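Survey of secondary and tertiary structure
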Amino acid sequence: MVPRRPITSSNISPLLLLLLLWPSACLAIRSFPESRVSILSQFAEAPEYRNGGECPASSGKEPASSCDRSLVHIAMTLDSEYLRGSVAAVHSVLRHASCPEHVFFHFVAAEFDPVSPRVLTRLVQSTFPSLNFKVYIFREDTVINLISSSIRQALENPLNYARNYLGDILDPCVNRVIYLDSDVILVDDVRKLWTITLTGNRVIGAPEYCHANFTKYFTDDFWSDPVLPRVFGSKTPCYFNTGVMVMDLVKWREGNYRRKIENWMELQRKRRIYELGSLPPFLVVFGGDVEPVDHRWNQHGLGGDNVKGSCRSLHPGPVSLLHWSGKGKPWVRLDERRPCPLDHLWEPYDLYKPNRDRLRHNPSSHHLPLVLSGSGSIGYSNYFV
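What comes next is a walk through the structure. Because the structure is a prediction, the values reported are computed rather than measured.

1. Some words on unusual backbone geometry
If you check the backbone angles, N256 has positive phi at about 50 degrees while not being a glycine. Counting through the fold element by element, N256 comes out in the loop between α8 (249-254) and α9 (257-270). The partly exposed category is assigned to N256, whose relative accessible area is 42%.

Here it is, written out as C-alpha cells:
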C-alpha cells in the first residue's frame, strides 16, 4: 500500500487551497455577524407565564399547532426597527392573559430586514422560551409597487401593508386572528377581545370613532369626484384604527379583500385620493361595515400626531389596550430622557436589557406603573408589573 502524503500548504496549489477553505470562510462571516449575535443578547428572558386553573388542559409536551382553533391567534409584524415594541407587546399579552399557554403568535417578518427572519426567530425563542409562535416571511415586492408617498416616511415601510395579506401569508387553517401593531400594550385578558362576535357578513371588528372627521382622511380630489364617494352608498362610515383588529380570515379570503384594497392603492398611484399610508384603503373598503368594539380596546394616539409626536392624554373611559400610534414611540422618548407621562405605562413591559439595567442602577428614575380603573381614573399600583 502506497503511503499518502499529508496535504499541506507546501504541496497544494494556492488556487485549490482557496477553493477548499472558501466555504468555511464564508460560513464564518455570514452565519454569526457580530451585530446579529449582539441583538440576541439585548433582551432579558421574560418570566414564565402559566395557565390558570380554569384553562383547558395543555399537554405541555407537544408544541401547539398554528391550526389549533382552541387557541387565541394573534398576528404581528416583526422587524428590527420596532423590535423593542413588539417584544413589550408580547410580554404584556402574556402577563395579562388568563390562559397564556393558549395564545399563538403569528409573526410576519420582512424578507430583507437588516436583521434576518432567522435571527428574529432565535430572538423570540430566547426571550420567550415557551411561546407558541410561527414566523412567516413577507416578500416586500408583493406590495412595493403599490405604495405611494405618505406624510411620514415610516408609513411607507412595506411591512405596514402586511396586514392586507394576512389571508395569504398565514396558514390556510387559520380562520380568525387578532391583528396588533407593534406599539401597543395590553392591560387586560386578550381572550375578551378574541371572543367578540362579528355579526352578519362583517369581516373585521375594531373600535370605531364616529365623532372624528372622516372626510379629512381623503383628499378634495376624492370627495369632489362624482363617482368615488358613492362607494359608501347608504352606509355611514366611521374612522377606525387598523392597529387593532379582529379579522375573520374565512370571509376575508372568500371576499377577496386583499384585491379590493389593492385596487384602491392602484388608484392612489394614479390620482392622489388620500395622504396617510395604509389606513385609507381599509377605511374606504370597510367604512360603515365594521363590527364596533368597545373603545377600551384601542386607546390610540398616544404617540401624538404624525408630524411632531407630542404628548397626549388618555381618552375618557376604561382601558384594556394602550396604543402609541403617531410619530412618538415610548422606547425612543424614554431613551432620549424626554418621556411623556403615559410612556411610563409602557416601561414595565420593556425587556430591553440596557433600560432594565439603567432602572436597576438608578432607582430614582423608575416610575411606578400606573393602573387605570374602570372609571378611567389613574392611580399607582403594581397591576402592570
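There is more to say, and it comes next.
2. A closer look at the sheet that holds strand β6 (residues 204-206)
On the basis of which strands lie adjacent, the open sheet formed by seven strands has the order β3-β2-β1-β4-β9-β6-β10 and mixed pairing. The sheet is open, and its two borders are formed by β3 (132-138) and β10 (291-292), each paired with just one other strand. The pairing of strand β1 (residues 72-78) with strand β4 (residues 176-180) spans two bridges and is parallel. Paired with A75 across the two strands is Y179, which belongs to β4. On the sheet, helix α3 (residues 83-96) packs against β1, β2 (103-110) and β4 and is oriented at approximately 165 degrees with respect to β1.

3. Structural notes on the packing of aromatic side chains
A full pass over the atoms with the stated rule returns 21 aromatic pairs. Summarising the aromatic geometry, the rings of F222 and W223 are spaced 4.9 Å apart at their centres and angled 90 degrees between planes, so their arrangement reads as edge-to-face. One aromatic cluster in this structure is built from F214, F218, F222, W223, F232 and W264. Lying across the ring of W194, R176 places its NZ or CZ 5.5 Å from the centre.

4. Brief notes about the state of the cysteines
A covalent bond between the sulfur atoms of two cysteines is what we call a disulfide. Applying the stated criterion across every chain, the model contains four disulfides. For the protein chain, the bonded cysteines pair up as 1-3, 2-4, 5-6, 7-8 when numbered in the order they occur along the sequence.

5. Section: the environment of S234
With respect to the element layout, S234 can be found in the loop between α7 (220-223) and β8 (239-240). Distance in space between the C-alpha atoms of S234 and G288 is 8.9 Å, their sequence separation being 54 residues.

6. As for the side chain of S86
For S86, the position within the fold is in helix α3. When its relative accessible area of 1% is taken as the criterion, S86 is described as buried. Excluding anything up to four places from it in sequence, S86 contacts M76, T77, L78 and S182.

7. Considering the pattern of salt bridges
Overall, the coordinates contain 21 salt bridges when judged by the stated rule. Among the ionic pairs, E291 bridges to R202, the shortest N-O distance being 3.3 Å. Within this pair, whereas E291 is found in strand β10, its partner R202 is found in the loop between α6 (190-194) and β6, the two being separated by 89 residues in sequence. The class for E291 is buried, based on a relative accessible area of 11%. Linked through salt bridges whose partners overlap, the residues forming this network are D168, R258, R259, E262 and E266.

8. Quick word on α9
Its 14 residues give α9 an end-to-end C-alpha distance of 21 Å, which sits within 8% of 20 Å, the value for a rise of 1.5 Å per residue. Three or more residues of α9 are buried, namely Y257, I261, E262, W264, M265 and Q268. Taken down its axis, α9 places every buried residue within 160 degrees of arc, on the same side. Those residues of α9 that are exposed and angled more than 90 degrees off the buried face are R269 and K270. Against α7, α8 and α10 (279-286) lie the buried residues of α9.

So, how was this worked out
Residues numbered from 1 in each chain as written. Predicted model: local features only at pLDDT ≥ 70, side-chain atom pairs only at ≥ 80, totals over all residues. Heavy atoms only, no water. Helix = DSSP H or I, 4+ residues; strand = E, 2+ residues; numbered from the N terminus. Buried < 20%, exposed > 50% of the residue type's maximum accessible area, 1.4 Å probe, protein only. Pairing = 2+ DSSP bridges. Contact = heavy atoms within 4.5 Å. Axes fitted to C-alpha atoms, helices over the stretch in contact; angles between N-to-C directions. Phe/Tyr/Trp six-rings, centres within 6.5 Å; stacked < 30°, edge-to-face > 60°. Lys NZ or Arg CZ within 6 Å of the ring centre and 35° of its normal. Disulfide = S-S within 2.5 Å. Salt bridge = Lys/Arg side-chain N within 4 Å of Asp/Glu carboxyl O. Expected span 1.5 Å × (residues − 1). Arc of directions from axis to C-beta.

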